[in-house]
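Summary of structural features
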Amino acid sequence: MQEKKVLEILEENRTTPNEKEALLMHLACAEKLALDKVTKVWRDKNNVLCVGYANNSWFHYSGKGEWY
C-alpha cells in the first residue's frame, strides 16, 4: 500500500490525532513496520483502530497514545 493511500484510509477510518500519533510513534520504534508495509486498516468491535502489516502482524492503536 502506498503511504498516501494509507494516510487516506486512516482518514476514512476517522483516525483521531492521538491514534495517528501512536501509529507514527510505533512505526518510528519498530524497524520491521512502516507505512509502506500496511496491508489493512479497520476498527474492531470496540471501535479501536487496528492496522495490519505485511509480516502478518497487526496492532491496536488507541486514542490514549498506546499500541498493543
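First things first, this report covers the structure right here in the doc. Remember, it's a predicted structure, so these values are computed and weren't measured experimentally. (Residues numbered from 1 in each chain as written. Predicted model: local features only at pLDDT ≥ 70, side-chain atom pairs only at ≥ 80, totals over all residues. Heavy atoms only, no water.)

1. With respect to the packing of aromatic side chains
One pass over the full model with this rule turns up 2 aromatic pairs. Judged by centre distance (6.3 Å) and plane angle (65 degrees), the rings of Tyr-53 and Phe-59 are edge-to-face. For Phe-59, a relative accessible area of 22% corresponds to the partly exposed category. A cation over a ring is seen here: Lys-40 above Trp-42, with NZ or CZ 4.9 Å from the ring centre. (Phe/Tyr/Trp six-rings, centres within 6.5 Å; stacked < 30°, edge-to-face > 60°. Buried < 20%, exposed > 50% of the residue type's maximum accessible area, 1.4 Å probe, protein only. Lys NZ or Arg CZ within 6 Å of the ring centre and 35° of its normal.)

2. Some words on the sheet that holds strand S2 (residues 49-53)
An order of S1-S2-S3 is seen for the 3 strands of this open sheet, with the pairing classed as antiparallel. Only two strands of the sheet have a single partner each, and these edge strands are strand S1 (38-43) and strand S3 (58-61). The sheet shows a mean angle of 20 degrees between the axes of neighbouring strands, taken without regard to direction. The pairing of S2 with S3 spans 4 bridges and is classified as antiparallel. Of the residues in S3, the one forming a bridge with Leu-49 is Tyr-61. (Pairing = 2+ DSSP bridges. Helix = DSSP H or I, 4+ residues; strand = E, 2+ residues; numbered from the N terminus. Axes fitted to C-alpha atoms, helices over the stretch in contact; angles between N-to-C directions.)

3. As for helix H2 (residues 17-29)
In this model H2 runs 18 Å from its N-terminal to its C-terminal C-alpha over 13 residues, within 8% of the 18 Å that 1.5 Å per residue would give. Residues of H2 that are buried include every one of Glu-19, Ala-22, Leu-23, His-26 and Leu-27, and no others. For H2, the arc enclosing every buried residue in end-on projection is 130 degrees, short of the 170-degree limit, so these residues lie on one face. Structural note: H2 exposes Pro-17, Ala-28 and Cys-29 on the side pointing more than 90 degrees away from its buried face. (Expected span 1.5 Å × (residues − 1). Arc of directions from axis to C-beta.)

4. Points about the nonpolar core
Grouped together as the largest cluster of nonpolar side chains are 15 residues, with contacts concentrated most on Leu-23, Val-38, Val-41, Val-51, Tyr-53 and Tyr-61. Elements with a contribution of two residues or more to this core: helix H1 (3-12), H2, S1 and S2. Setting aside residues up to four positions removed in sequence, Tyr-53 forms contacts with Leu-23, Leu-27, Leu-33, Ala-34, Lys-37, Val-38, Thr-39, Trp-58, Phe-59 and Tyr-61. (Core = buried A, V, L, I, M, F, W, Y, C linked by side-chain atoms within 4.5 Å. Contact = heavy atoms within 4.5 Å.)

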